[in-house]
Amino acid sequence: MPDRHPELRAAVRAFAEAEIAPRIPHMEASGAIEDGLVREMARQGWIGVTIPAAYGGMGAGHEAKTALVDELSRVSAAMGAAVQASILGTAKIDHFGTEEQREEWLPQVADGSVLPTIAVTEAASGGHVLGMASTGRRKGRGWILDGRKVFVGNSHIGGLHGVVVRTGDGARGLTAFLVEHDRKGVSLAPHEPRVGLRGFSFGELILDGVRVPESHRVGEVGEGLAVAYSSSVLYGRLNLAAVALGIHRAVLGQTVDFVSGRPRIAGEGVVRDRLGQIAADLRVAELAVYHAARRLDRAEPCDMDLITAKLQAVEAVRRATDLGMQTHGAAGLLTSMPMERYLRDALCVEPPAGTSDIQRHRLAEEALDPSRHVQWSQRFARPLTPPSVALAHSA
Ligand SMILES: Cc1cc2nc3c(=O)[nH]c(=O)nc-3n(C[C@H](O)[C@H](O)[C@H](O)COP(=O)(O)OP(=O)(O)OC[C@H]3O[C@@H](n4cnc5c(N)ncnc54)[C@H](O)[C@@H]3O)c2cc1C
């Protein structure tokens, strides 16, 4: 598939190889959160890749964003995940914010001074967003927020959390708010070690009687489910698919290098079969992911393409890491080799923005009754400014 963003891709690749790759051994060994690198990437303007140019962003759209996250994740899925998590955090302000909120926050996100997050998931309700227990209640001219959000991307370095809480009953009973990280009553649980994506914080945010003014509400009262879904459907599925794609490219590259250096196994049919399968799966995932991104940039109704892209890319990278590990034999188990990192990172991209079970469930619902659900892409996507304008801005 032709690369429509070669300059952006080249800039990201140069940064990833020069700045991120040397930090990986430290990230892996310590598990420490990579605050500095994420902020440096934010200063490149990358969190603002989809933010309209009128608010200081690159205005380059979802395909450019996909190329950016894909390219970063080829070197470090953790850093790809960190960048996509804050890109995800821009959606609510861009699509639901008031003009004042857009003018206040989007330029700060675009220039890298504020890292936004989206905090929806809770331990007991997981992917069932309507099951959340965190609350928001009116007090005077503002709101008091209470609850705990888990697995929040960039939880420990984010400056502006986008929190969805229950303010009433039923599906129209959720509301979204902007919460600064240093507001009274906001705290973070210690970041537990994760199996993969080491260096990326996806931890627990605690809200204990946090008072926010009415001006911090995003969207209407009762529109929180739409805020949450627009983030995960419009941005999250493609973002995580891009992380999966990047890991998959790395698995293919590493496995080719490994096999090429071992004439004893390089000619074996079973080894070549595995390489062929990894390569074929990568091409199919790439087609699905970039096809969905292009449709989204054309503001076409493409929810099913976004779901399919996430499902295909995640399932493909799980299979690729398995075949890659088998091909490496015992060498794949060495932590000095990158294969085991790819395997661990690939495990982490399945749950966010919906597990594969949920993606298949949605595809089945659509197959059975296409009129049942609103197409979020149709509702919120906007056609991209011509790429020449967007790229001139980013250059
Ligand atoms: C790397 C990473 C980043 C993340 N970033 C964010 C973020 O920025 N913000 C945020 O709010 N959350 C984030 N999350 C959380 C993510 O959204 C949840 O992991 C996801 O919604 C699934 O919830 P759960 O993991 O609790 O699984 P559960 O929903 O508890 O599911 C557990 C199991 O049950 C299955 N299951 C559940 N419901 C159904 C069903 N209806 N039909 C069939 N099977 C079902 C699932 O497929 C899974 O196998 C992140 C998670 C990860 C791992």
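Since the structure is predicted, the reported quantities are computational estimates derived from the model, not experimental observations.

Some thoughts on a positive patch on the surface
Alright, step 1. Positive charge collects at one region of the surface, where Arg137, Lys139, Lys184 and Arg211 lie side by side.
Alright, step 2. Along the chain, Arg137 falls in strand E2 (residues 135–139).
Alright, step 3. Overall, Arg137 belongs to the partly exposed group, its relative accessible area being 45%.

Some details on the UniProt feature "domain: Acyl-CoA dehydrogenase/oxidase C-terminal" (unreviewed entry) in the protein
Alright, step 1. Per the UniProt record, "domain: Acyl-CoA dehydrogenase/oxidase C-terminal" (unreviewed entry) is found at residues 222–367.
Alright, step 2. Between the end C-alpha atoms of residues 222–367 there is a gap of 29 Å, over a span that is 81% helix and 0% strand.

Re the site of the ligand
Alright, step 1. By nearness alone, 17 residues border the ligand, and Ile118, Thr121, Phe151, Thr355 and Asp357 come closest of all.
Alright, step 2. In this structure, Val120 approaches the ligand through a main-chain N or O atom, which is 2.8 Å from an oxygen atom.
Alright, step 3. Thr121 has a polar side-chain atom sitting 2.6 Å from a nitrogen atom of the ligand.
Alright, step 4. Relative to its free-state accessible area of 980 Å², the ligand is covered by the protein chains to the extent of 64%.
Alright, step 5. Elements that contribute at least two residues to the shell around the ligand include exactly strand E1 (116–119), strand E3 (142–153) and helix H12 (356–368).
Alright, step 6. In terms of residue count, the dominant contributor to the shell around the ligand is E3 (three residues).
Alright, step 7. Its residues assigned to classes, the shell around the ligand shows eleven nonpolar, five polar and one charged.
Alright, step 8. Viewed by domain, the shell around the ligand spans two of them, domain 2 (117–224) and domain 3 (226–383), each represented by three or more residues.

A closer look at the pairing of E3
Regular strands have side chains that alternate between both faces of the sheet.
Alright, step 1. Most of E3 sits inside the fold, with nine of its twelve residues counted as buried.
Alright, step 2. Summarising the sheet, E2 and E3 pair through five bridges and their orientation is antiparallel. Opposite Lys139, over in E3, you have Gly142 as the bridge partner.
Alright, step 3. Counted between consecutive antiparallel strands, the loop separating E2 from E3 contains two residues, among which Gly140 sits at a positive phi close to 60 degrees.
Alright, step 4. Judged from the nine bridges that link them, E3 and strand E7 (residues 202–213) form a sheet pairing that is antiparallel. By the bridge assignment for E7, Leu145 is matched with Val210.

A look at the nonpolar core
Nonpolar side chains in soluble globular proteins generally cluster together in the buried interior.
Alright, step 1. Grouped together as the largest cluster of nonpolar side chains are 107 residues, with contacts concentrated most on Ile20, Met41, Trp46 and Leu72.
Alright, step 2. Of all the elements, helix H7 (residues 224–260) adds the most residues to this core, at 20 residues.
Alright, step 3. Non-local contacts of Ile20, meaning those with residues more than four positions away in its chain, are made with Phe15, Met27, Leu37, Met41, Leu72, Val75, Ser76 and Met79.
Alright, step 4. Counting 13 residues, the second largest nonpolar core, distinct from the first, contains Trp143, Val152, Val165 and Val210.

Some details on helix H11 (residues 339–348)
Alright, step 1. With eight of ten residues buried, H11 lies mostly within the body of the structure.
Alright, step 2. Of the positions making up H11, those classed as buried are Met339, Glu340, Arg341, Tyr342, Arg344, Asp345, Ala346 and Cys348.
Alright, step 3. Lining the buried residues of H11 we find helix H2 (24–30), helix H4 (61–75), helix H5 (77–96), H7 and helix H10 (303–328).

Quick notes on the UniProt feature "domain: Acyl-CoA dehydrogenase/oxidase N-terminal" (unreviewed entry) in the protein
Alright, step 1. Mapped onto the present numbering, the UniProt feature "domain: Acyl-CoA dehydrogenase/oxidase N-terminal" (unreviewed entry) falls on residues 3–112.
Alright, step 2. Across residues 3–112 one finds 71% helix and 0% strand; the C-alpha atoms that close the span lie 26 Å apart.

Concerning the environment of His328
Alright, step 1. By the secondary structure assignment, His328 is in helix H10.
Alright, step 2. Considering only alpha carbons, one finds His328 and Thr255, 73 residues apart in sequence, at a separation of 7.4 Å.
Alright, step 3. When residues no more than four places from it in sequence are discounted, the contact partners of His328 are Gln254, Thr255, Phe258, Met337 and Met339.

Parameters at a glance
- Residues numbered from 1 in each chain as written.
- Predicted model: local features only at pLDDT ≥ 70, side-chain atom pairs only at ≥ 80, totals over all residues.
- Heavy atoms only, no water.
- Patch = residues over 30% accessible without salt bridge, like charges linked within 9 Å, V, L, I, M, F, W, Y side chains within 5 Å.
- Areas by Shrake-Rupley, 256 points an atom, 1.4 Å probe, with all protein chains shown as cover.
- Salt bridge = Lys/Arg side-chain N within 4 Å of Asp/Glu carboxyl O.
- Lys, Arg positive; Asp, Glu negative; His and termini not counted.
- Charge placed at Lys NZ, Arg CZ, Asp CG, Glu CD.
- Helix = DSSP H or I, 4+ residues; strand = E, 2+ residues; numbered from the N terminus.
- Buried < 20%, exposed > 50% of the residue type's maximum accessible area, 1.4 Å probe, protein only.
- UniProt positions renumbered as here; feature names shortened; annotations may be inferred.
- Near = heavy atom within 4 Å.
- Polar contact = N/O pair within 3.5 Å; in protein donor to acceptor, adjacent residues only side chain to side chain.
- Nonpolar A, V, L, I, M, F, W, Y, C, P; charged D, E, K, R; others polar.
- Domains from an automatic or database assignment.
- Pairing = 2+ DSSP bridges.
- Core = buried A, V, L, I, M, F, W, Y, C linked by side-chain atoms within 4.5 Å.
- Contact = heavy atoms within 4.5 Å.

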